Protein chains: 2
Amino acid sequence: MDQKQESLLDVSEARDFLLNKSSTIGIEEIDLQDALDRIVAEDIFALFDYPSFANSAMDGFAVRSVDVKDAGELNPVLLRVIADIPAGTSTPPILGPGQAARIMTGAMLPPGADAVIPIENTDHFQAESLDRKPEATKVFRSVKPGNFIRPVGQDVKKGQLLLGKGRKLGPAQLGLCSLFGLRRVSTWKKPKIAIISSGDEIIASGDNFVPGKVFDANSLMLKSLVERCGGEALTLGIVPDQKELVQARMDAAVSLGVDLIISSAGVSVGAFDYIGMVVEENGQIDFWKVNMRPGKPLVSGTYQEISYLGLPGNPVSAFIGFLVFIEPMIKKMTGNANLFRDEISVQVKEDIYSDGRQSFLRAVVSEENGIRVGELIGHQGSGNIYSLGQANTLLIIPSGVKSVRSGEEVKAWSLGE
Amino acid sequence: MDQKQESLLDVSEARDFLLNKSSTIGIEEIDLQDALDRIVAEDIFALFDYPSFANSAMDGFAVRSVDVKDAGELNPVLLRVIADIPAGTSTPPILGPGQAARIMTGAMLPPGADAVIPIENTDHFQAESLDRKPEATKVFRSVKPGNFIRPVGQDVKKGQLLLGKGRKLGPAQLGLCSLFGLRRVSTWKKPKIAIISSGDEIIASGDNFVPGKVFDANSLMLKSLVERCGGEALTLGIVPDQKELVQARMDAAVSLGVDLIISSAGVSVGAFDYIGMVVEENGQIDFWKVNMRPGKPLVSGTYQEISYLGLPGNPVSAFIGFLVFIEPMIKKMTGNANLFRDEISVQVKEDIYSDGRQSFLRAVVSEENGIRVGELIGHQGSGNIYSLGQANTLLIIPSGVKSVRSGEEVKAWSLGE
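Residues numbered from 1 in each chain as written. Chains lettered and ligands numbered in written order. Predicted model: local features only at pLDDT ≥ 70, side-chain atom pairs only at ≥ 80, totals over all residues. Heavy atoms only, no water.

Trainee: What is the right way to look at the pattern of salt bridges in this model?
Mentor: Any two side chains of opposite charge can pair, so long as their charged atoms come close to each other. Summed over the entire model, instances satisfying the criterion amount to 28 salt bridges over all chains. Arg184(A) is the partner of Glu29(A) in a salt bridge, and the nearest nitrogen-oxygen pair spans 2.9 Å. With Glu29(A) in strand E2 (residues 27-31) and Arg184(A) in strand E12 (residues 184-188), the pair connects residues that are 155 residues apart, well separated along the chain. Overall, the relative accessible area of 40% leaves Arg184(A) in the partly exposed class. With a closest N to O distance of 2.9 Å, Asp286(B) and Lys21(B) form a salt bridge. Highlighted residues: Asp286(B) in strand E18 (residues 283-290) and Lys21(B) in helix H1 (residues 11-21), separated in sequence by 265 residues. Residue classification places Asp286(B) among the buried residues on the basis of a relative accessible area of 19%. With a relative accessible area of 27%, Lys21(B) lands in the partly exposed category. (Salt bridge = Lys/Arg side-chain N within 4 Å of Asp/Glu carboxyl O. Helix = DSSP H or I, 4+ residues; strand = E, 2+ residues; numbered from the N terminus. Buried < 20%, exposed > 50% of the residue type's maximum accessible area, 1.4 Å probe, protein only.)

Trainee: Looking at this structure, how should I read the relation of the copies chain B and chain A?
Mentor: In summary, the two copies of the chain are related to each other by a rotation about an axis coupled with a shift along it. Mapping chain B onto chain A calls for a screw motion: a turn of 180 degrees about the axis and a shift of 0.0 Å along it, with 0.1 Å RMSD after fitting. Classification of the inter-copy transformation places it as that of a two-fold axis. Of every C-alpha in chain B, the one belonging to Ile344(B) sits nearest the axis of rotation, 5.2 Å from it. The residues that chain B uses at the interface reappear at the interface of chain A in 100% of cases, marking a shared surface. (Least-squares fit on C-alpha atoms with pLDDT ≥ 70 in both. Contact = heavy atoms within 4.5 Å.)

Trainee: Please explain helix H2 (residues 11-21) of chain A as it appears in this structure.
Mentor: In an α-helix, one turn spans 3.6 residues, which is why side chains three or four residues apart end up on the same side. Every buried residue of H2(A) is accounted for by Val11(A), Ala14(A), Arg15(A), Leu18(A) and Leu19(A). With its buried residues spanning 130 degrees around the axis, H2(A) presents them on a single face. (Arc of directions from axis to C-beta.)

Trainee: In this structure, what is going on with empty space enclosed by the protein? I would like to understand it.
Mentor: Applying the stated rule across the entire model yields one cavity of 30 Å³ or more. By volume, the largest cavity amounts to about 50 Å³. Lining the largest cavity, in full, are Phe48(A), Tyr50(A), Ser52(A), Leu179(A), Ile203(B), Phe209(B), Val210(B), Lys213(B), Val214(B) and Phe215(B). (1 Å grid on protein atoms, 1.4 Å probe; cavity = no way out; pocket = protein on both sides within 12 Å on 5 of 7 lines; lining within 4 Å. Points joined across faces, edges and corners; volume = space filled by probe spheres on them.)

Trainee: Looking at this structure, how should I read the environment of Gly389(A)?
Mentor: Summarising the element assignment, Gly389(A) is placed in helix H8 (residues 385-390). Judged by relative accessible area, Gly389(A) falls into the buried class, the value being 0%. When the C-alpha atoms of Gly389(A) and Leu169(A) are compared, they prove to be 29 Å apart, with 220 residues separating the residues in sequence. Once residues within four sequence positions are removed from consideration, Gly389(A) is found in contact with Leu163(B), Arg167(B), Ala172(B), Gln173(B) and Leu176(B).

Trainee: In this structure, what is going on with the packing of aromatic side chains? I would like to understand it.
Mentor: Given two aromatic rings, their pairing is described by the distance between the two centres and the angle made by the two planes. Within the structure shown, the criterion is met by 14 aromatic pairs over all chains. Summarising the aromatic geometry, the rings of Phe17(B) and Phe287(B) are spaced 5.8 Å apart at their centres and angled 75 degrees between planes, so their arrangement reads as edge-to-face. Highlighted residues: Phe17(B) in helix H1 and Phe287(B) in strand E18, separated in sequence by 270 residues. Since its relative accessible area comes to 34%, Phe17(B) is described here as partly exposed. For Phe287(B), a relative accessible area of 2% gives the class buried. Three or more aromatic residues joined by ring pairs make a cluster, and in this case those are Phe48(A), Tyr50(A), Phe180(A), Phe209(B) and Phe215(B). (Phe/Tyr/Trp six-rings, centres within 6.5 Å; stacked < 30°, edge-to-face > 60°.)

Trainee: Quick question: what am I supposed to make of the pairing of E18(B) here?
Mentor: Across a regular strand the side chains alternate sides, sitting on one face of the sheet and then on the other. Residue and element names in this part refer to chain B. Across the eight residues that make up E18, a large majority, six, are buried. In terms of strand pairing, strand E1 (residues 8-9) meets E18 through two bridges, oriented parallel. When the bridges of E18 are listed, Leu 8 appears paired with Lys 289. Both E18 and strand E20 (residues 297-303) contribute to a ladder of five bridges, which runs antiparallel. The partner of Lys 289 across the bridge, within E20, is Pro 297. (Pairing = 2+ DSSP bridges.)

Trainee: Can you walk me through the sheet that holds strand E8 (residues 115-118) of chain B in this structure?
Mentor: Sheet strands pair via backbone hydrogen bonds, and the direction of the pair is either parallel or antiparallel. Residue and element names in this part refer to chain B. The strand order across the open sheet formed by five strands is E8-E5-E7-E6-E9, and the pairing between neighbours is mixed. The sheet terminates laterally at E8 and strand E9 (136-139), the two strands that pair on one side only. This sheet shows a mean twist of 40 degrees between the axes of neighbouring strands, independent of strand direction. (Axes fitted to C-alpha atoms, helices over the stretch in contact; angles between N-to-C directions.)

Trainee: Looking at this model, I keep getting lost on the sheet that holds strand E7 (residues 99-103) of chain A. Mind explaining?
Mentor: All names here are of chain A. Strand order in this open sheet of five strands is E8-E5-E7-E6-E9, and the pairing throughout is mixed. Because the sheet does not close on itself, it has two edges, and the strands there are strand E8 (115-118) and strand E9 (136-139). Between one strand and the next, the sheet's axes are offset by a mean angle of 40 degrees, whatever the strand orientation. With five bridges joining them, strand E6 (residues 77-85) and E7 adopt parallel strand pairing. Note on E7: the bridge partner recorded for Asp 84 is Arg 102.

From the geometry alone we can't say anything about function, so treat these as descriptive.
This is the structure in structure tokens:
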């Protein structure tokens, strides 16, 4: 047990170790329709130019610019309108001298035309008829070749990289893929993460209240956190403080083919904390603690070749431990190029004291006069999940810092709504 | 058609109008397990104090503080250990004078005890036995009543408000609900949103490439955007530029019992844009355009008593129109107290010119020396979805502003990864 007293890692040492230990699971090809928030596994290139045909940027008339080079407000040029070109036309007719074609936004430019006159620069600005094209049109301005046209390849050239490996497929990226006719996309597989709550004092949230017991907050909280950062969560329930049962639950996780096992509680120095022992006997322990507050007991190990991470039992510590360590691990396992949360700067509204450990403090932050200001919320005891539910930010006090004065700035993570 | 030329609203006028028009759909009770990202519809109160019993904050020994009031490093007090109290014990034995009980973190304090001695302040600090409690313990410090104890109600008092109506149920909030034994929760129903793409030039992403046609980017993009902000999307596909077919598709949306119909394209002044006409004939049009860039053609109306919003066909305009108008509407419909995106401040790295309309420009923003700096990306033509896929931020240029100098600050929305 002496080992438990040693190796107090810094947050960054521990995180680097865990990230080195984490890798992608494999690649799968999925329907684009199912790919929201998945990560691109193979570079996606444009299969064609976009636009793929020269098209009109406006509703108006496709013309030969030379025909209207002398047109003006007081001396319009009259052109004969030989065709309608609605959007979607594949084979517009060829324009000859003195001819125009009525054309809609996005419609293919007819051969012979080299510009478009916007409808407001013609005598058809107030035209109401939707069924019949006009026989002729007066044009009140000149245009240069290319005016009001979107040329081939203006946005993207064939062969250009659209989305590189590691990009997340959000709505805009899915739209981009759709625009290039992609039906399927290669993404990194989602890691399967087993979640175990440990402890004789823990009862399932659906059960009846029992004195001395505590309802299980961590299973659902960790499941939701795993899903939000792109993993697939398998909640394996509550395991009592009995060594054989703990081992059986860990074996169950392995048999389910998971890529990571997470537990909460059972990892401190308490007399009935068996998980660490079970992991050590069936694999190895990397480290037992990290120099942070809250969340110092953090066990990293390997159980029968599956990575294992033991979070503290206090829900706040488990939540913060997840954000600091497990979220980047899952992002790495999903192939995300972006592993870490954005840090924002917050000006504190009160003096804050710390004990020298790197600390993550629950706070409420708002904007005053364009500056983000924050104050601590609730008591910072690690059991206080109520304050975690109210906080919108975690202030990060670096290791070695014992006090921050009111008005100074600290780094922080936004917790969203 | 003259009405189309009138009523050019400001962005904020249009948005206020649309929000006034939007309301929640109704309340439903769902399993807490299914409630991630749902919005609380009825205030949630604590059914009991938390902690619900005085418990130990540490692993150590529960004692009577009076017994150890003179204890110190050089003059320890010896106490007889009469019991083990692991976490989860419901009926610990009563402590008498001179007695202690070994106690684990989170375990119920025995009657008679009024403090806990941390294990490191006893002679059992290096204890290895997990099975048998010691017979006695030497205590090397005094404690005051209440030391190392988490008293009843320290975090939450029975009857206290846990989460108010309008709060979003993220992982921390779900953990909080679980901790209070909640199995089900009242949330606002998810609005059903029909999505229609319009235009003869649009073909489905899975089809073969056809000259003159464009693959449908908007259906999947808008579906993903709807889902991300808490709505349920029903994509009704592509409707050609034929009035009867447009009407039939709108009728189909109504028959599906949707709460909002969104379309893209078909809302400009083009000769084949039927949607506006169909809406007007079967309901009413509120307005046709908004003074913004991109995305000026924005049609608001009502079709057979269902709210309708027509976005422009260009994917970038549709995307920005969604963020500006539809996202807050859906948030309102889901009962979310928080309707609007956070605005961040960005220092621009180049001069930016505008035409006086409120403008939303695609940009890439990064942090340099603790300050967010940004530059425009790609050409700002509204068809350029490639640049939308690369941008991580939308810079917001207010209406009336024609130029922003390099080094000045503008407001912006982060687009996430």
